[in-house]
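Here's the letter readout for the chains.
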Amino acid sequence: MERRTIGATALEVGAIGLGCMPMSWAYTGSQQRGEESVRALHAALDRGTNLLDTADMYGPFTNELLLGRVLRRRRADAFVSTKVGLLVGDQHVVANGRPAYVRRACDASLRRLQTDVIDLYQLHRADPEVPIEETWGAMADLVRAGKVRALGLCAVGARASRRSGTGVGRPVVGGLHDGTIRQLDRVQQVFPVSAVQAELSVWSPEALERLLPWCEARGVGLLAAMPLGNGYLTGTLTTGGGFEPDDVRARHPRFTAEMMAANQPVVAGLRRVARRHGPEVSPAQVALAWVLSRGRGVIPVPGTKREKWVRENAGASDLVLTEGDLAEIAGLPGARGSWD
């Protein structure tokens, strides 16, 4: 697989990462099987998909424990990315950015992951009651202590201001990522940011407007979260099929039967492009190749729990879209339905 470098310390990772959250949290619980996920993790590492993205809140904690089972034997093959700053309670999630908590949380993540160093430690959300400089300073101390190699920040507040009807060729007015950029400017004064994680996909391209240019100007990598639109852009979801109550998509307006049907032209466009590249090419691979084409510092991190999809996603790194393909994708209609 193609390798890409991100951050001031030139961290090297496979061009496509693996989001591990679906293996144990937020998606259909009845389909989460530990052994199947372990096989998927091994398949990813075998194909050069070495950026494994998790968080202590996924589960909570069980996602890191699952990764630890694989890292115990294959740590040298993996680039480990985890997150800190959110606590999961009963029916609620709260931020905690206190320096003492950050230090404890890091030690706990290291134990669960069965490793002595985290390659990329990301701040999941800033604590509104703690200056972000204090939280980031504690994270920087972990780098100096040798427990962490580099620091990243997750984009905040983007979905709350998203407007219905935005698409690949439809920029969002109103500064979707202004809050994140303000945070980035502040923490850069304390310790360098190596990567920013933000949603980026064919049907959610807003990070291209201001966030990606900010990253490119500073050599900061962009980890593209949800590059397959929570599964919709794969073309494998059945319109009106519904989701189990524990699946986050059961509560998303964009995943109602009406909106899933209305957004079929987006998937149809990806299918047309895929067919031009051969019968083995899927809409998901086209969607990932589009993200890869956004810049050398962009790493799509599709989430999955199945070996089959890990293999398919990895294959997208070999797909090169033509100017005609990119023009056709740019002309697709904007996604219907708000995201919140």
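A short tour of the structure in this document, coming up. No experiment lies behind these values; they were computed from the predicted model shown. (Residues numbered from 1 in each chain as written. Predicted model: local features only at pLDDT ≥ 70, side-chain atom pairs only at ≥ 80, totals over all residues. Heavy atoms only, no water.)

**Thoughts on the overall build of the protein chain**
The cut-off we apply is this: Secondary structure elements follow DSSP: runs of H or I no shorter than four residues count as helices, runs of E no shorter than two count as strands, and numbering proceeds from the N terminus. The size measure is the radius of gyration over C-alpha atoms, and the globule rule it meets is 2.2 Å times the number of residues to the 0.38 power. Accessible area is worked out with a 1.4 Å probe on protein chains only. A residue is then buried under 20% of its type maximum, exposed over 50%, and partly exposed in between.
Within the protein chain one finds eleven helices and twelve strands. Computed over its C-alpha atoms, the radius of gyration of the protein chain comes to 19 Å, within 12% of the 20 Å expected for a compact globule of 340 residues. In terms of overall dimensions, the protein chain has a C-alpha envelope of 50 × 45 × 40 Å along the principal axes. Across the 340 residues in the protein chain, those meeting the buried criterion constitute 56%.

**Here's the deal with the sheet that holds strand S11 (residues 221–225)**
Stated formally: Any two strands with at least two DSSP-identified bridges between them are counted as paired. Only heavy atoms enter the contact rule, under which two residues are in contact if any of them lie within 4.5 Å. Between N-to-C directions, angles cover 0 to 180 degrees, with each direction set by a line fitted to C-alpha atoms, over the stretch in contact for helices.
Spatially, S3-S4-S5-S8-S9-S10-S11-S12 is the arrangement adopted by the eight strands of the open sheet, whose pairing is parallel. The open sheet has two free edges, formed respectively by strand S3 (18–19) and strand S12 (298–301), since each of these has just one partner strand. Examined bridge by bridge, strand S8 (residues 118–123) and strand S9 (residues 148–154) share five bridges and lie parallel to one another. Of the residues in S9, the one forming a bridge with leucine 123 is leucine 153. Across the face of the sheet, helix H4 (residues 132–144) comes into contact with strand S5 (79–84), S8 and S9 while running at roughly 155° to S9.

**Concerning the pairing of strand S1 (residues 3–6)**
Judged by which residues are buried, S1 turns out to be one-sided: Arg4 and Ile6 face inward and are buried, whereas Arg3 and Thr5, on the alternate face, are not. The sheet contact formed by S1 and strand S2 (residues 11–14) spans four bridges and is antiparallel. Along S2, the bridge assignment pairs threonine 5 with glutamate 12. What sits between S1 and S2 in their antiparallel hairpin is a turn of four residues, with glycine 7 showing a positive phi close to 80°.

The quantities given are spatial measurements derived from coordinates; they are silent on function.
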